[in-house]
Amino acid sequence: QVQVVESGGGLVQPGGSLTLSCAASESIVNVDMAWYRQVPGKSREWISGLRPSGTILYADSVKGRFTATRDNGINTVYLQMSSLEPDDTATYYCRYSGREWGRGTQVTVSS
């Protein structure tokens, strides 16, 4: 199976920024990638999709604050997060080709 590993999570104050990384063990060229997040007790929320064409889609909840990018040369996608809010606190997951998930990285936004 393809393995994806998220990293970059941590504790950040409201209004701050973090950049998450997702490294895949296989090529991401021509592969749909996506970012999700999940709060305990709630369903997993789709927040961004990265199409092979370069088109990037965002959920309304993060549009204008988060930027997703891909680096096909190192099989890695990124999620740049700014203007973080307490409601952004969640475990963030990366998904490869609509199938494989990473284990997640925790983001906590708190004073």
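Now for a quick tour of the structure.

Rules used throughout
Residues numbered from 1 in each chain as written. Predicted model: local features only at pLDDT ≥ 70, side-chain atom pairs only at ≥ 80, totals over all residues. Heavy atoms only, no water. Disulfide = S-S within 2.5 Å. Helix = DSSP H or I, 4+ residues; strand = E, 2+ residues; numbered from the N terminus. Buried < 20%, exposed > 50% of the residue type's maximum accessible area, 1.4 Å probe, protein only. Pairing = 2+ DSSP bridges. Salt bridge = Lys/Arg side-chain N within 4 Å of Asp/Glu carboxyl O.

Tallied over the entire structure, the rule returns one disulfide. A disulfide bridge connects Cys22 with Cys94, and the sulfur atoms are separated by 2.1 Å. Residues Cys22 and Cys94 are joined through a disulfide that is left-handed, its torsion about the S-S bond being -80°. Within this pair, whereas Cys22 is found in strand E3 (residues 18-24), its partner Cys94 is found in strand E9 (residues 90-96), the two being separated by 72 residues in sequence. With respect to burial, Cys22 and Cys94 carry one shared label: buried.

Our next topic: the pairing of strand E5 (residues 45-50). As paired strands, strand E4 (residues 33-38) and E5 are joined by five bridges and run antiparallel to one another. Bridging from a neighbouring strand, Arg37 pairs with Glu45 of E5. Hairpin connection between E4 and E5: a loop of six residues separates the two successive antiparallel strands, and Gly41 in this loop has a positive phi of roughly 85°. Strand direction decides the pairing type here: E5 and strand E6 (residues 56-58), joined by three bridges, are antiparallel. Each bridged residue has a counterpart across the sheet, and for Gly49 the counterpart in E6 is Leu57.

Pairs may arise between side chains of opposite charge once their charged atoms sit close together. According to the stated counting rule, one finds five salt bridges in the structure shown. A salt bridge links Arg51 to Asp32, with the nearest nitrogen and oxygen atoms 2.9 Å apart. Note that Arg51 is positioned in the loop between E5 and E6 and Asp32 in the loop between E3 and E4, a separation of 19 residues in sequence. Across the salt bridge formed by Lys63 and Asp60, the nearest N and O atoms sit 3.5 Å from each other. A single salt-bridge network, built from bridges that share partners, covers Arg37, Glu45, Arg65 and Asp88.

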